Amino acid sequence: MSVRWETEGLQTVGIVCLVFMFLKLMHLLGLIDITETDSSDSDLELSTVRHQPEGLEQLQAQTKFTRKELQSLYRGFKNECPSGLVDEETFKTIYSQFFPQGDATTYAHFLFNAFDMDRNGSIRFEDFVIGLSVLLRGSVTEKLNWAFNLYDINKDGYITKEEMLAIMKSIYDMMGRYTYPCVRDDAPFEHVEKFFQKMDRNRDGVVTIDEFIETCQKDENIMSSMQLFENVI
């Protein structure tokens, strides 16, 4: 399998890669297929885990998953993560298994930080299902907000060229030798310039959330990518 990199619609690469990687994580955790659960298991059983997630009703209100779906997701999460938490090193290890031809460490770091909503160095079950709900069942605006948060590495409300370059380099590193044609050293810089030509509408050197969402919503490729993973579970 090879991936051909195009300068047009480059931001689609990051968005699709984001969702694809997350689905890979779900598959590894055994969460991609949600089955019917025993209705008698009405609450999340938490006595053996170190972190106790929020109540089922509260998670239903915060996500677009049903009670049964949340119960199944929690079982899979608890089986793979008995502590109830996923630290960054575990997260990186999961990604590395799917990209032996490249180095997924940096991209996994950025993605981990996007899921670690309270910035405490671990992903809780709540973080997991809230992010999953947005990526799979959220509105276009919600998904784009999530993607913007990924690109906004320092979380200051702006995407800079330095941040976008770091993201692009991490994607190239992750894909490794499976990129076609072979990546030139200056290719990430060219792609960042293309991104900013399209996104930075007022030419002030940064991309705001409004600029990002407005431009993405006018791009057919990006809008198509937003629909690829709907109703996966």
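Everything numeric in this text was worked out from a predicted model, so none of it was measured.

Participant: Break down the overall build of the chain for me, with residues and values.
Facilitator: The helix and strand tally for the chain stands at 11 helices and six strands. When burial is assessed residue by residue, the chain has 49% of its 233 residues classed as buried. Expressed as a percentage of contacts within the chain between residues at least 6 apart in sequence, the contacts between residues at least 24 apart total 71%. Working note: accessible area of the chain is about 11200 Å², and carbon and sulfur atoms make up 49% of it.

Participant: Can you break down the nonpolar core residue by residue, with the values?
Facilitator: With 54 residues, the main nonpolar core has Phe91, Leu111, Val129, Ile159, Met164, Phe195 and Phe212 as its most contacted residues. Leaving out residues up to four positions away in the same chain, Met164 has contacts with Tyr151, Ile159, Val192, Phe195 and Phe196.

Participant: Explain the packing of helix H4 (residues 88–98) against helix H5 (residues 105–115) to me, using residue names and the numbers behind them.
Facilitator: The angle between the axes and the distance between the axes are what describe a pair of packed helices. Running from amino to carboxyl end, H4 crosses H5 at an angle of 130 degrees, the nearest separation of the two axes being 9 Å. The orientation of H4 relative to H5 falls into the category oblique. Handedness of the crossing formed by H4 with H5: right-handed. Contacts from Glu88, Phe91, Lys92 and Tyr95 of H4 reach H5 at Thr105, Ala108, His109, Leu111, Phe112 and Phe115. Classifying every residue of the contact of H4 with H5 gives six nonpolar, two polar and two charged.

Participant: Can you lay out helix H8 (residues 161–175) for me, pointing to particular residues and giving the numbers?
Facilitator: Over its 15 residues, H8 runs 21 Å from end to end, which matches the ideal 21 Å to within 8%, given 1.5 Å per residue. Restricting attention to buried positions, one finds in H8 the residues Glu163, Met164, Leu165, Ile167, Met168, Ser170, Ile171, Tyr172, Met174 and Met175. Following H8 by one or two positions, Gly176 adopts a phi angle in the positive range, close to 60 degrees.

Participant: Run through the side chain of Ser133, naming residues and quoting values.
Facilitator: Examined against the element boundaries, Ser133 turns out to sit in helix H6 (residues 125–137). Leave out the neighbours within four places in its chain, and Ser133 touches Thr63, Lys64, Phe65 and Gly138.

Participant: Before we move on, can you summarise the pattern of salt bridges with the specific residues and values?
Facilitator: Side-chain pairs of opposite charge can arise where the charged atoms are in close proximity. Under the defined criterion, the tally for this structure stands at 12 salt bridges. Between Lys92 and Glu88 there is a salt bridge, and its shortest N-O distance comes to 3.3 Å. Residue Lys92 and its partner Glu88 are located together in helix H4, separated by four residues, close to a single helical turn. Given a relative accessible area of 16%, Lys92 falls into the buried group. Residues joined by salt bridges that share partners form a network here, namely Asp118, Arg124, Glu126 and Asp127.

Criteria and thresholds
Residues numbered from 1 in each chain as written. Predicted model: local features only at pLDDT ≥ 70, side-chain atom pairs only at ≥ 80, totals over all residues. Heavy atoms only, no water. Helix = DSSP H or I, 4+ residues; strand = E, 2+ residues; numbered from the N terminus. Buried < 20%, exposed > 50% of the residue type's maximum accessible area, 1.4 Å probe, protein only. Contact = heavy atoms within 4.5 Å. Areas by Shrake-Rupley, 256 points an atom, 1.4 Å probe, with all protein chains shown as cover. Core = buried A, V, L, I, M, F, W, Y, C linked by side-chain atoms within 4.5 Å. Axes fitted to C-alpha atoms, helices over the stretch in contact; angles between N-to-C directions. Parallel < 35°, antiparallel > 145°, perpendicular 65-115°, else oblique. Left-handed = near helix turned anticlockwise from the far one by under 90°. Nonpolar A, V, L, I, M, F, W, Y, C, P; charged D, E, K, R; others polar. Expected span 1.5 Å × (residues − 1). Salt bridge = Lys/Arg side-chain N within 4 Å of Asp/Glu carboxyl O.

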